[in-house]
Amino acid sequence: MHIAILGAGINGLMSALEFLEQDCTVSIFDQRQVAKAASWAGGGILSPMYPWRYSQAVNDLAKHAMPLYQEWNQKLQPITKIDFQIHETGMLILDEDDFEIGLNYAHVHQNPVQHAEYLQHEQLEQLNPHLHPKYRQAIYFPHLANVRNPRLLKSITTYLKQHPKVTFHEYCPIKKLNIKHGIVHSISNHQGTIFQADHFVLTTGAWSEQWAQQLQKEIPVQPVQGQMVLFKTPENWLPTMCMNKVMYLIPRLDGHIVCGSSMREVGFNTEPDAKIKQDILSACFDMIPELKKFPIVQEWAGLRPSSPSGVPYIGKIEQTHNLWANFGHFRNGLCMAPASAKLLKQLMFNLPTIENAAVYAPTRLIHQADAIIS
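Scope of this entry: the structure provided in the associated data block. None of the values given here were measured: they were computed from a predicted structure.

Conventions and cut-offs
Each chain has its residues counted from 1, following the order in which its sequence is written. Only residues with pLDDT of 70 or above have their local features reported here, since the model is predicted, and side-chain atom pairs are shown and tallied only from 80 upward, although totals for entire chains, interfaces and linings are computed over all residues. As a rule here, side-chain values cover all heavy atoms of the structure and leave hydrogens and water aside. Two rings from Phe, Tyr or Trp (for Trp, the six-membered ring) form a pair when their centres sit within 6.5 Å of each other. Planes less than 30 degrees apart are called stacked, planes more than 60 degrees apart edge-to-face, and all others tilted. Between buried and exposed lies partly exposed: a residue is buried under 20% and exposed over 50% of the maximum accessible area for its type, with that area taken using a 1.4 Å probe on protein chains only. Working rule: Lys NZ or Arg CZ, within 6 Å of ring centre, within 35 degrees of ring normal, means a charge sits over the ring. Salt bridges are counted wherever a side-chain nitrogen of Lys or Arg sits within 4 Å of a carboxyl oxygen of Asp or Glu. A run of DSSP states H or I qualifies as a helix once it reaches four residues; a run of E qualifies as a strand once it reaches two. Both are numbered from the N-terminal end. At least two DSSP bridges between two strands are required for those strands to pair. Every axis corresponds to a line fitted to the C-alpha atoms, with the helix fit spanning only the stretch in contact, and the corresponding angles, defined between N-to-C directions, vary from 0 to 180 degrees. Should any heavy atoms of two residues lie within 4.5 Å, those residues are considered in contact.

**Observations regarding the packing of aromatic side chains**
Thinking step 1. Taken as a whole, this structure holds 11 aromatic pairs when the rule is applied.
Thinking step 2. Taking the centre distance of 6.2 Å and the plane angle of 75 degrees together, the rings of Y50 and W52 count as edge-to-face. Pair check on accessibility: Y50 and W52 agree, each one buried.
Thinking step 3. Members of the aromatic cluster, connected to one another through ring pairs, are Y50, W52, Y105 and F141.
Thinking step 4. Over the ring of Y50 we find R53, and its NZ or CZ is 3.7 Å from the ring centre.
Thinking step 5. Sitting over the face of the ring of F168, K161 holds its NZ or CZ atom 5.4 Å from the ring centroid.

**Some remarks on the pattern of salt bridges**
Thinking step 1. Counted by the stated rule, this structure contains 14 salt bridges.
Thinking step 2. Salt-bridge contacts for K75 lead to E21; the nearest nitrogen and oxygen are separated by 2.3 Å. Of this pair, K75 sits in helix 4 (residues 65–80) while E21 sits in helix 1 (residues 10–21), placing them 54 residues apart in sequence.
Thinking step 3. With its nearest N and O atoms 4.0 Å apart, the salt bridge here joins D273 to R264.

**What to know about the sheet that holds strand 18 (residues 313–316)**
Sheets are built from strands paired through backbone hydrogen bonds, the pairs being either parallel or antiparallel.
Thinking step 1. With respect to topology, six strands assemble into an open sheet ordered 8-2-1-12-19-18, the strand pairing being mixed. Of all the strands in the sheet, just strand 8 (166–169) and strand 18 have a single pairing partner and so form its edges. Averaged over all neighbouring strand pairs, the angle between strand axes comes to 15 degrees, with direction disregarded.

**Looking at the sheet that holds strand 4 (residues 91–93)**
Thinking step 1. With mixed pairing, eight strands are arranged side by side in an open sheet as 5-6-4-14-15-16-13-17. The two strands at the open ends of the sheet, each matched to only one other strand, are strand 5 (117–120) and strand 17 (296–306). Averaged over all adjacent pairs, the angle separating strand axes in this sheet is 25 degrees, with direction ignored.
Thinking step 2. Pairing analysis gives four bridges linking strand 15 (residues 247–251) to strand 16 (residues 256–260), with the strands arranged antiparallel. Bridge assignment links Y248 to a residue of strand 16, and that residue is G260.
Thinking step 3. Running at roughly 25 degrees to strand 6 (residues 137–141), helix 5 (residues 99–108) makes contact with strand 4, strand 5 and strand 6 of the sheet.
Thinking step 4. Its contacts with the sheet place helix 9 (residues 274–287) against strand 13 (222–232), strand 14 (241–244), strand 15, strand 16 and strand 17, and it is angled at close to 50 degrees to strand 13.

In structure tokens form, the structure reads like this:
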């Protein structure tokens, strides 16, 4: 079976890995360079931030993130020589209004990875001595981790590019789905070049709304910009991830610290904003004052694929026989990606599913017209 994947972010790349497990031939298309958009720009926390603020459907996929990434890292690293750097730092949450629900979350939802402990000042000083002393209490999630997403993406891309059953088409924006009687026969780029496959998968992230007119459906996925700042500190300087008022610090193994993040609706603009940068820095210095002593080595912004509830669309698109969706992951694309890809494969090949597929079904996309695609 030949599968064409439109969109080479983390969801497209993970889908390709899963299809190769079924001995498929895979063609991957992207309008730009592979793995250089939102997936590269994210923080890589392997859990929704404040999971109790998200739909259970989001958390059901996200809980598979760390074990699945660990499995893929073990398989790919001997070939690519690139470690994903899954860093089990734990997470401190400083928002006092979230303490009670956070402490009870793991028990209520039977998810031991989200186990939390209540810590007071002396315990906080021992765990993370760089935390501002004004924080006298926090809840600590010892089992939470982050993945270094640029390395994750580089490893997967390296693996796929050396695979004999994979073809990449970079800088090849697909403009048209050639559909007749509910079957996608081929796709065309802006130059009119036609590409054929047996099945087609839309993993186009923040750009997914472009298919609405051709599919006669409302696709409520829009870009939401998130801005980040990267510091360089000594190796293992910051011992835990920290979170307060939706701002976070994520330590990497080599001392880099990713700080973010913002939410701005500015279309497809990825230019960092000076005021937003200052807001991020203020929030981070409030948590870790000593961070001021270290250099900022990079700043950037990416585009999240927002969707109404943050629950992605995964499965066959209605009124088609061979067109599949895997988009709309909003802020949790990296932590849902391995499970999203596995679920998509299971649906495509009629395998038992890891979660209830109905809650992710593209049947939630509203018809713009009653006419059947022809």
